[in-house]
Amino acid sequence: MLEKKTKRTKQSINREELESRILRCAEVVFAEKGYNGSSMEAIAAAASISKQNLIYYFANKELLYQRVLKEMLDIWIEKLSFLETQGDTPEAVIRRYVREKMQLSRLYPNGSKVFAHEIISGAPVLKEYLISHLKPQFDRDVELVKSWINKGLVDDIDPEHLFFTIWAATQTYADFSVQMEVLLGKHRLDEEDFERAELAVTDFVVRALGAKKNS
């Protein structure tokens with residue numbers, strides 16, 4: 001019995017690893033080709049598996065595309081909350097938020113590009129998911145910034161557009177990385193480039209908010 005249980009566990013691990021590989025490869029294909037230009041054959045080839053094996057995990061391209069988008073959004077929602085912990089100043093919250101957002105742009109550039117394609121296309125697949133999953137967190141984060149304003153901890157700014165500005169300033173390093181590489185004379189953005197970007201964006205936001213170091 002113990003051997004059978006161990007075998008099932010290994011099978012489960014192997015399945016999870018293959019599924020993860022498929023999703024990462026699908027990100028690359030969707031990012032490079034867009035949804036309409038992508039095919040199950042191309043994704044299977046990128047993952048080094050047969051099309052039949054791919055279909056076993058994901059029955060069609062639409063389901064795979066939905067899963068890639070929702071996984072990317074779930075990662076963002078998990079990592080990116082403007083939540084305040086005991087003793088945190090607005091500056092500390094902002095710096096942590098921008099750091100996490102920049103890390104996601106560095107670690108998941110293809111997922112970010114797929115998400116950008118979807119939004120530019122009017123979010124036909126993701127709109128309801130954005131409403132049910134992203135908006136509640138967004139509303140909570142906006143309320144936190146409003147509380148900072150009411151306490152005099154930051155200047156009276158537009159909270160919604162604060163977030164839009166941070167998202168634009170950080171996601172550009174994934175979605176438009178080629179532009180950055182050309183202008184910086186780099187073959188590829190490296191960790192040092194993202195650290196510079198994080199510092200620049202964070203300092204810009206903190207200064208624009210007039211965030212006080214001490215609550």
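Residues numbered from 1 in each chain as written. Predicted model: local features only at pLDDT ≥ 70, side-chain atom pairs only at ≥ 80, totals over all residues. Heavy atoms only, no water.

## Some details on the nonpolar core
Counting 60 residues, the largest nonpolar core has I22, L54, L64, F82, I94 and W148 as its most contacted members. When near neighbours in sequence (up to four residues on either side) are disregarded, I22 contacts I43, A47, I49, L54, Y57, F58 and L64. (Core = buried A, V, L, I, M, F, W, Y, C linked by side-chain atoms within 4.5 Å. Buried < 20%, exposed > 50% of the residue type's maximum accessible area, 1.4 Å probe, protein only. Contact = heavy atoms within 4.5 Å.)

## Some remarks on the side chain of K61
Tracing the backbone shows K61 in helix α4 (residues 61-79). The buried charged residue K61 lacks any salt bridge partner; its closest oppositely charged side chain belongs to E41, at an N-O distance of 8.4 Å. The residues contacting K61, other than those within four sequence positions of it, are F30, Y35, N36, S38, S39 and M40. (Helix = DSSP H or I, 4+ residues; strand = E, 2+ residues; numbered from the N terminus. Lys, Arg positive; Asp, Glu negative; His and termini not counted. Salt bridge = Lys/Arg side-chain N within 4 Å of Asp/Glu carboxyl O.)

## Points about the UniProt feature "domain: HTH tetR-type" (unreviewed entry) in the protein
Sequence positions flagged by UniProt for "domain: HTH tetR-type" (unreviewed entry) are, in local numbering, residues 16-76. In residues 16-76, the share of helix is 85% and the share of strand is 0%. The end C-alpha atoms are 21 Å apart. (UniProt positions renumbered as here; feature names shortened; annotations may be inferred.)

## Some words on helix α9 (residues 177-184)
Every buried residue of α9 is listed here: S177, M180 and E181. Summarising the axial view, the buried residues of α9 lie within an arc of 100°, below the 170-degree limit, and thus occupy one face. Facing away from the buried side of α9 by more than 90 degrees, the exposed set consists of V178, V182 and L183. Looking at the buried residues of α9, the elements they touch are α6 (109-120) and α8 (159-175). Count one or two residues on from α9 and you reach G185, which has phi positive near 70°. (Arc of directions from axis to C-beta.)

## A word on the environment of S38
Residue placement: S38 occurs in the loop between α1 (2-37) and α2 (40-46). Separated by 27 residues in sequence, S38 and Y65 place their C-alpha atoms 9.9 Å apart. Apart from residues no more than four positions distant in its own chain, S38 is found in contact with V29, F30, K33 and K61.

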